[in-house]
Amino acid sequence: SNLEPLHQSLLRLIRSGLDNGEGSSNSTLGSLGLDFSEVGPACHQEAAVLVLHALRCNEGFFNQITSPAAKSGLPLAFTLLALVMQYRADPSKGGFLQCAVFIVLRLSASRNFGIALNSAASSRTPLGAFTADRDGVPAVEFELPDAFSGTHADVLIHVCFV
């Protein structure tokens, strides 16, 4: 689809916040030859706001992200959940946390997202086949109990209540 490059770019920008909270030279932007080793861009928050507005205003973008070809929105949802875990103790990140929750709430309106949440997850690979996107950009990993066995929905609940 025409919107897939936009989807992948926004996902990469949001994942840039996982490096150290402000991006780094090891992020996707750094791999493009842009050196942010001293002060990294804090663009993952703005990218999340852009995703939220695109999901709300553009039905085609919503359908693209929640399509089975785009893994039904799981990479986006779990990237946001990893950032929620990282930022939940920081009161200055309250706006970003609300934005992330609203994005997951919007994704939950999709039948495909609900079906994908019911696929199996384990403590070693909680995202199952979603550990990297098609360009090899690593997805997020969560610290789960060793004996964990359940679905992606269980991982979502674990992240929300730990």
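Residues numbered from 1 in each chain as written. Predicted model: local features only at pLDDT ≥ 70, side-chain atom pairs only at ≥ 80, totals over all residues. Heavy atoms only, no water.

Another point: the packing of aromatic side chains. Following the criterion strictly, the structure yields one aromatic pair and no others. An angle of 80° between the planes, with centres 5.6 Å apart, marks the rings of Tyr87 and Phe96 as edge-to-face. When its relative accessible area of 5% is taken as the criterion, Tyr87 is described as buried. Judged by relative accessible area, which is 5%, Phe96 ranks as buried. When the ring centre of Tyr87 is taken as reference, the NZ or CZ atom of Lys93 above it lies at 4.9 Å. Taking the ring centre of Phe62 as reference, the NZ or CZ of Arg106 above it sits at 3.8 Å. (Phe/Tyr/Trp six-rings, centres within 6.5 Å; stacked < 30°, edge-to-face > 60°. Buried < 20%, exposed > 50% of the residue type's maximum accessible area, 1.4 Å probe, protein only. Lys NZ or Arg CZ within 6 Å of the ring centre and 35° of its normal.)

This brings us to the environment of Ser119. Turning to its location among the elements, Ser119 is positioned in the loop between α7 (111-117) and β1 (120-122). The spatial distance from the C-alpha of Ser119 to the C-alpha of His152 is 6.2 Å, given a sequence separation of 33 residues. Residues within four places of Ser119 in sequence aside, it is in contact with Gly150, Thr151 and His152. Here the side chain of Ser119 touches Ala116 through a polar contact of 2.7 Å, landing on its backbone oxygen. (Helix = DSSP H or I, 4+ residues; strand = E, 2+ residues; numbered from the N terminus. Contact = heavy atoms within 4.5 Å. Polar contact = N/O pair within 3.5 Å; in protein donor to acceptor, adjacent residues only side chain to side chain.)

Attention now goes to the pattern of salt bridges. Under the defined criterion, the tally for this structure stands at one salt bridge. For Arg106, the salt bridge identified is with Glu59, shortest N-O distance 3.5 Å. Taken as a pair, Arg106 in helix α6 (residues 94-107) and Glu59 in helix α4 (residues 59-65) lie far apart in primary sequence, 47 residues in all. (Salt bridge = Lys/Arg side-chain N within 4 Å of Asp/Glu carboxyl O.)

Our next topic: α6. With 14 residues, α6 extends 20 Å between its outermost C-alpha atoms, agreeing within 8% with the 20 Å of an ideal straight helix rising 1.5 Å per residue. For α6, the full list of buried residues reads Phe96, Leu97, Cys99, Ala100, Ile103, Val104 and Leu107. The buried side chains of α6 occupy one side of the element, clustering within an arc of 160° when seen end-on. Facing away from the buried side of α6, by more than 90 degrees, are the exposed residues Gln98, Val101 and Leu105. Those residues of α6 hidden inside the fold are in contact with α3 (43-57), α4, α5 (74-87), α7 and α8 (152-161). (Expected span 1.5 Å × (residues − 1). Arc of directions from axis to C-beta.)

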